[in-house]
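Report on the structure
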Amino acid sequence: MKITVDGVAYEVAEGRTILQALDDLGLLMNGVDVPHYCWHPKLSIDGSCRLCQVEIEGVPKLQIACNTVVAEGMAIHTRNERVRKAREGVMELLLVNHPLDCPICDKAGECKLQDYAFDYGVPHARTREPRRAAKKRVDLGPTIVFDQERCIFCRRCVRFCREVPGTGELGIFVRGDRSVLETFPGTPLDNDYSMNVADICPVGALTTKDFRFKIRVWFLEDVPGVCTGCANGCNVHLGVANNRVYRYLPRRNDAVNGTWICDEGRLSYHRIGAADRIDGHALHGADGRREQASLDAAVAAAAAALRAVIERQGPGAIGALASPHATNEDLFVLRRFLEALGSTQAGFAVPTWRADALLRKPEAAANAAGCRALGFGDAAPLLERVRGGAVAGLLVLGHDVLATAGTAALDALRGLDALVLADSHRSALEGLAQVVFATRVPAEKLGTITNHAGRVQRVVPAVEPPFEAHAEGEIVWRIAQALDLPGFAGAYDVRAISKELAQAEDAFAGRDLDALPPEGAPLHGAGVG
Amino acid sequence: MSEHTGDDAFATLAGYRARGGWEAARKALTTMSPEQVVELVKNAGLQGRGGAGFATGLKWSFMPKGNEKPKYLVCNADESEPGSFKDRLLLSRAPHQMLEGILIGAWATGAEKTFVYVRGEYAHPADVLQRAIDECYEAGLLGASCLGTGFRHDVVVSRGAGAYICGEETGLLESLEGKKGQPRKKPPFPAQYGAFGMPTTVNNVETFSHVPHIVSRGAEWFRGFGTEKSPGTTIFGVSGHVRRPGLYELPLGTRLDEIVFEHAQGPLGGRKVKGVIPGGASMPILPASQLDVPMANEFLRERKTMLGTGGVMVMDDTTCMVRVACVITYFFRDESCGQCTQCREGTGWIHKIMERIERGAGQRSDLDLLLDIASKMEGQTICAFADAAAWPVQGLLRHFRADFEAHVEHGKCPFPESFEL
C-alpha cells in the first residue's frame, strides 16, 4: 500500500506499523527521523516511551508510530512543529530524573538519551527538584552491572529476557517515578544471551562487566565482521582501537542473527589477542628446541620436509587437515594444493559445543560448511591412513582435530615423517610439528566464510597481528610455490583467489569478496540461511 | 436503583426477589434476543458510569458474533477514585441487582463468564457479593442453565491488590491475568483482545445495576430521567465540607448547586463554598461561582470539567487549594503505573513543585511551568491516567491561581485553618 511520509510517497507492506514500515524501507533514522526508546525491531511493541509520536492527517491526536498500523493513503508528518514540541516534551520529562553524568557514564558517545537530547531536548533544565536517588553499580549477574538511576524504563531488557532467551529474569517493580528495574528475587540475570541487554539499553543503565570502563567508545572504530564462535556466523561490529579489539557488538543481519549474539560468542573476541596465540613462525628441532623463523625459512623447511616424503613415498603420501576456522579462500588454496600434488588425502574436524534453538549451532567453528562445500570430508579416515602409514606427511591447518579426536589424534600424528602445522593458538599439536606457521584469525584477514545454512559472508581485517602471521591460504600458496607445484604463480592475492573460487565452484558463483552484499548471500542450492 | 439499599434484606436473594428481582433477567433471557437487548440498552442511552461515559449498548455491540472464542464480561468494581464510593454501596447493599444486570449483559453479548474485579480494600463488599453469587448458583440463576434457559454463565470474583490503575479497563485485565497492573496499548481493544486474549467487555458496577431497570421498564422510562444526551439517574457521592455527606441518586443534569446546597445541605458552620470537584479527584475543580451547572457531561464540558464518577467533593473557604493540589498530585504520583514517560515523570515532577510551593519555596514561574508540564502529559499516554493527573492541576490553577500566587508572594501557606498535610 501507499503512504506518504513528510510528503514523500512510499510503497509499504500491509499490516506493518509506521516504524516497522520505515525500518523495512531502511529509512528509520536514516532519512526519516522518528526517535524511539522502547521500540526495538526484534521485540514486542511496548508503546510506553511515547517519543515516536507523529502526526497523521485526519487524526486529531498525535499517534505513536510504533503501534500505529499503516493504512492506504496514510499521510504522516514526522517533523512539523507539533511533533517537534511533543518530542521536546518527552525529552524534558525523561531528563527530569536522569543523572547528568555523561562524563563518567560508559554509554556516553552511543547513548540515545544523549543523542536525542542533543536533537530534541530543551536547552535549559527547568527543574529545581532533586533527582531521584537510586542504587549504583547493582550486580545483576555474572555479566551485567546496573546503574539504577540511569534507567528510563523502556523495558527493552525486560521484554528481551522474556521473549528471546525466555528466561524472564527482569521486571519493573514499584510504581510511578519510584519504579525500579530489578531481577526477580533469587534469580540473577544469567542466560546465554544476557549481554544483549546492554546493547539494547538506550542509556547507560545496563553495561557489561566485560567492556565497562575499558575505553571511551568514541575512540573505537566499528569494523564489520563475523563472530567465529560457532557455525551460525553472527554478524558483529568489532570495536577496534590501538590495533586492539575491545568488544564485539551484534550487527543486524535478519538472515543470520537478527540483532543478537550469544554471550560466549561475544566474548570470543578475547581469543584474538589471547596470550596463547602462536606469535611467530618457528622450526622445531628433533631435540624439541623451538626456533623462531622468518616466513621464507619456515616455508623452505616445510617444503623440504614434504618433499622428502614425496620423494620417498610419492605425492599420495601427503595429506592435509583443513580447518573449519579457515576462510573459503584458504580452503580453496589448500584444495588446489592437494590437486596439484595429486593427493586425495584430506579431511577436516570440527569441534562441537552446547547448541540451542536460538543462535548457537552445534559446530563451534565458523566455516565447517565451507569445508564441506569445498569437498573436505571427515578427518577420521585420513587419521586411519596416517596410522596405517599410507600418509607420512601432513599439512595441518589448525588443531581442531584435537578437539574431536583428542589424544587419539595425537598418537596417530606422532608417527608422521613430516608434520607442518599452520595455527593461530597453541596446542599439544605444536610440539609434534617440525614447522609451525603462525596464522591470522578471521579478525585479521580478508576472506569469506560459509555459515551452517550455507550463507557466504565476508570478513575483513580489523586489526593487524602484532607479530608475523599469515593467512592459511598464503602459507599453503608459498609452500606450493616452494614445491614448484603448477597453478601457484605470482604472489598470493586473496581477491583473485576469491574470484577463481567463484568461477570454479557453481555453488559459489557470484559469491566472491567483491560481489558479496553486506548481509552475505547463500550458496547456490543451499537455501537461504 | 438505590431505592431499596437501606433494606438489609435487599442484599439477599429472597429480599431481592421480594422486590421483583431477577424478573428482568427472566424477561431478557426468555423473551428477548441478544440483539433486542443490545438495541434496548442503546435506545435507553445508558452511558457507562465508571467515569468515561461511553455508550453501553454500543460497547456491547462491539463484541464479535459467533462462538469461535469464549467471550467474557468484566465487572469493574475497582472503585478507587478519591471521592467516589457509590459502587461500594451497590456491591454491599444490592449485589443481586448488579448480578442480574451482568446476566442480562452476558445474554446480550454472548459472554460465557464474568469476572467481577473487586478493589482489594473492599473486603466486606466482596464477601457480600460472593454470598450473593453462591445464592445464585444454588437457585439456578447462574451456572450451567441460567434460569433454566440452557444459557450458561458463570461469575467469578477476583480481588485486586490495591492499585488505582487497576480500575483502568486494560490495567484491570492485566491484573486479572495475574500480571502487574499496567494499561495495555490500544489497539487491540478489549472487544477483540481482552481478558486472557478473549473478546471482553468491561462495565462498571453501577452501569450493570441500571440494566435490570431498563429491561423491566423500558428505554423510554429510563430516558424520562436525565437530559437528552445523558439519560437516566446516577449516584452522586458527596463528600467534604457539607452537613450531609453521602450518596444521592439523582437524575443526570441535576444542578451541582442543588446537590451541594439542598441535598447535602451546604458547608458546615456557616462557611462558604470555595470550590467543588464534580466527579472525583481526577476532574477539574469548579469555583463557587460556577456551581449552577447541570451535572451532565454536555454541560460540564463547557466549564472544562467532567462528570467522572460523580464523586462530588466540596471544599469551603478555609481550604488551601495548594494543599488540595499537593494531596491530589501526591495521589497520582503514587498511583501512576510508571509505564509512560509523561505520566511517570510528569506526576512526580508536578508533585515535587506543588510541595515546594506549599512550603513557601515556590516561584512565580513555577505556575506556568506546572501548566506546561500538565499540557505535556495530557492526551499523550497509553491510558487516560496522565490526563487524570493533569486536569485537576489545570483546574486548580485556572480557578485558584491566587492561592498559588499568595504562597509564592508570602513564602508560606496563607491558610492556617486548612487541613494538615
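Note that the structure is predicted; figures quoted are calculated from it, not measured. Within each chain, residues carry numbers counting from 1 in the order of the written sequence. The naming scheme follows written order: chains are lettered A onward, ligands numbered 1 onward. pLDDT decides what is reported in this predicted model: residues at 70 or higher carry local features, side-chain atom pairs at 80 or more are listed and counted, and totals for whole chains, interfaces and linings draw on all residues regardless. Only hydrogens and water are set aside when side-chain values are computed; all heavy atoms of the structure are taken into account.

Secondary structure assignment for chain A yields 14 helices and 23 strands. Taking the principal axes of its C-alpha atoms as reference, chain A extends roughly 90 × 50 × 35 Å. The burial tally for chain A puts 59% of its 529 residues in the buried class. Residues are treated as being in contact if the distance between any of their heavy atoms lies within 4.5 Å. When contacts within chain A are restricted to residue pairs at least 6 apart in sequence, those whose partners lie at least 24 apart make up 65%. Of the roughly 20,300 Å² that chain A leaves accessible, carbon and sulfur atoms contribute 53%. Charge convention: Lys and Arg are scored as positive, Asp and Glu as negative, and His as well as the terminal groups of each chain are ignored. A single reference atom marks each charge: NZ on Lys, CZ on Arg, CG on Asp, CD on Glu. Of note, chain A has its 59 positive side-chain charges centred 6 Å away from the centre of its 66 negative side-chain charges. Under the DSSP-based scheme used, a helix requires at least four consecutive residues in state H or I and a strand at least two consecutive residues in state E, with every element numbered from the N terminus. Here the term buried applies to any residue with accessible area under 20% of the maximum for its type, exposed to any over 50%, and partly exposed to those in between, with areas from a 1.4 Å probe on protein chains only. The protein chains shown are the only cover counted for residues, whose accessible areas, like all others here, come from Shrake-Rupley with a 1.4 Å probe.

This paragraph deals with the overall build of chain B. Assigned secondary structure in chain B consists of 16 helices and nine strands. Within these notes, the globule rule equals 2.2 Å times the number of residues to the 0.38 power, and the radius of gyration is based on C-alpha atoms. In summary, chain B has a C-alpha radius of gyration of 22 Å against a globular reference of 22 Å for 421 residues, a match within 12%. Classification of the 421 residues of chain B by burial places 63% in the buried group. The long-range share in chain B, meaning contacts at least 24 apart out of those at least 6 apart in sequence, stands at 69%. Carbon and sulfur atoms make up 51% of the accessible area of chain B, which amounts to about 15,300 Å² in all.

What follows deals with the pattern of salt bridges. Residues and elements named next belong to chain A. For salt bridges, the criterion is a side-chain nitrogen of Lys or Arg within 4 Å of an Asp or Glu carboxyl oxygen. According to the stated counting rule, one finds 76 salt bridges over all chains in the structure shown. One salt bridge in this structure joins Arg 271 and Asp 276, with 3.9 Å as the shortest N-O distance. You can call Arg 271 partly exposed: its relative accessible area is 42%. Ionic pairing is found between Glu 339 and Arg 335, a salt bridge with its closest N-O pair at 3.4 Å. With a gap of four residues between them, Glu 339 and Arg 335 both fall in helix H8 (residues 328-341), about one helical turn apart.

Bringing the packing of helix H14 (residues 341-359) of chain B against helix H16 (residues 385-410) of chain B into the picture now. Residues and elements named next belong to chain B. Only the contacting stretch of a helix is used when fitting its axis, a line to C-alpha atoms as for every element, and angles between N-to-C directions run 0 to 180 degrees. Where H14 contacts H16, the two axes come as close as 12 Å, and the packing angle between them is 15 degrees. Between H14 and H16, the interaxial angle falls into the category roughly parallel. When the axes of H14 and H16 are compared, the crossing they make is left-handed. When H14 is examined against H16, the residues Cys 343, Thr 347, Ile 350, Met 354, Ile 357 and Glu 358 are found in contact with a partner set consisting of Phe 385, Ala 386, Ala 389, Val 393, Phe 404, His 407 and Val 408. Here roughly perpendicular refers to angles of 65 to 115 degrees, roughly parallel to angles under 35, roughly antiparallel to angles over 145, and oblique to all remaining angles. Note: crossing handedness is left-handed where the near helix turns anticlockwise from the far helix by less than a right angle, and right-handed where it turns clockwise.

For the rest of this paragraph, the subject is the state of the cysteines. The definition used for a disulfide is geometric: two cysteine sulfur atoms within 2.5 Å. Enumeration according to the criterion identifies zero disulfides over all chains in this entry. No disulfide involves A:Cys105; its sulfur sits 6.1 Å from that of A:Cys111, the nearest cysteine. Under the relative-accessibility criterion, A:Cys105 is labelled buried at 6%. Not part of a disulfide, B:Cys166 finds its nearest cysteine sulfur in B:Cys337, a span of 9.3 Å. What makes B:Cys166 buried here is its relative accessible area of 5%.

Counting residues at the interface gives 34 residues for chain A, matched by 36 residues for chain B. Take the accessible area each of two parts loses on contact, using a 1.4 Å probe, and add the two losses: that sum is the buried area. Here chain A meets chain B over a buried area of about 3,000 Å², counting both sides, of which 45% is carbon and sulfur. When the buried area of chain A at its contact with chain B is split by residue, A:Leu93, A:Glu129 and A:Arg175 rank highest and sum to 23% of it. On inspection of chain A and its partner chain B, the count reaches seven salt bridges.

Turning to the packing of aromatic side chains, a few remarks are in order. Any two of the Phe, Tyr and Trp rings considered here, Trp counted by its six-membered ring, make a pair once their centres fall within 6.5 Å; the pair's planes then place it as stacked at under 30 degrees, edge-to-face at over 60, or tilted in between. Considering all chains together, one arrives at 20 aromatic pairs over all chains under this definition. Arranged with centres 5.2 Å apart and planes meeting at 70 degrees, the rings of A:Phe173 and A:Phe184 form a pair that is edge-to-face. Taken as a pair, A:Phe173 in strand S8 (residues 170-173) and A:Phe184 in the loop between strand S9 (180-183) and helix H5 (196-200) lie far apart in primary sequence, eleven residues in all. Given the relative accessible area of 24%, A:Phe173 is considered partly exposed. An angle of 80 degrees between the planes, with centres 5.4 Å apart, marks the rings of B:Phe332 and B:Phe385 as edge-to-face. Taken as a pair, B:Phe332 in helix H13 (residues 321-335) and B:Phe385 in helix H16 lie far apart in primary sequence, 53 residues in all. We classify B:Phe332 as buried; its relative accessible area is 1%. Taken together, the ring pairs connect B:Tyr164, B:Phe331, B:Phe332 and B:Phe385 into an aromatic cluster. By definition here, charges over rings are those cases where NZ of Lys or CZ of Arg is within 6 Å of the ring centre and within 35 degrees of the ring normal. The ring of A:Phe211 is capped by A:Arg247, whose NZ or CZ atom sits 4.5 Å from the centre of that ring.

Before going further, it helps to examine the pairing of S8(A). All names here are of chain A. Note that S8 and S9 share four bridges and pair antiparallel. Considered in S9, the bridge of Phe 173 is made with Val 180. In this antiparallel pair of consecutive strands, S8 and S9, the connection spans six residues, and Val 174 shows a positive phi of 60 degrees. Two strands pair if DSSP finds at least two bridges between them.

Turning our attention to the confidence of the model for chain B. Residues with a pLDDT of 70 or more make up 100% of chain B, whose mean pLDDT is 96. Interface scoring of the predicted complex returns ipTM 0.91; its pTM is 0.94. Summary of the metric used: pLDDT quantifies the predictor's per-residue confidence within the range 0 to 100.

Here the focus is the packing of helix H5 (residues 86-93) of chain B against helix H9 (residues 205-217) of chain B. Residue and element names in this part refer to chain B. Interhelical geometry of H5 versus H9 gives an angle of 55 degrees and a closest axis separation of 9 Å. The orientation of H5 relative to H9 falls into the category oblique. Note that H5 runs across H9; the crossing there is left-handed. When H5 is examined against H9, the residues Lys 86, Asp 87, Leu 90 and Leu 91 are found in contact with a partner set consisting of Val 205, Glu 206 and Ser 209. Grouping the constituent residues of the contact of H5 with H9 by class yields three nonpolar, one polar and three charged. Classes in brief: Ala, Val, Leu, Ile, Met, Phe, Trp, Tyr, Cys and Pro nonpolar; Asp, Glu, Lys and Arg charged; the others, Gly included, polar.

This next bit is on helix H10 (residues 379-387) of chain A. Residues and elements named next belong to chain A. Within H10 the residues assigned to the buried category are Ala 379, Leu 382, Leu 383 and Val 386. The buried residues of H10 all sit within an arc of 100 degrees when viewed along its axis, so they share a single face. Close packing links the buried residues of H10 with strand S16 (318-322), strand S17 (345-348), strand S18 (393-397), helix H11 (400-405) and helix H12 (407-414). Phi turns positive one or two residues past the end of H10, at Gly 389, with a value near 90 degrees. Note that the arc is defined by the directions from the helix axis to the C-beta atoms.

What follows is about the sheet that holds strand S10 (residues 206-208) of chain A. Residue and element names in this part refer to chain A. The three strands are arranged S6-S7-S10 in an open sheet whose pairing can be described as antiparallel. A single partner strand is all that each edge strand has here, and the edge strands are strand S6 (138-139) and S10. Sheet topology places strand S7 (residues 144-146) next to S10; three bridges connect them, and they run antiparallel. What sits directly across from Phe 146, in S10, is Leu 206.

This part takes up the sheet that holds strand S4 (residues 200-204) of chain B. Residues and elements named next belong to chain B. The strand order S3-S2-S1-S4 describes an open sheet built from four strands, whose pairing is parallel. Of all strands in the sheet, those bounded by a partner on one side alone are strand S3 (154-159) and S4. Strand-to-strand twist across the sheet, computed as the mean angle between neighbouring axes with direction ignored, equals 20 degrees. Alignment of strand S1 (residues 72-77) against strand S2 (residues 113-118), held across six bridges, turns out to be parallel. Bridged to Val 74 within S2 is Phe 115.

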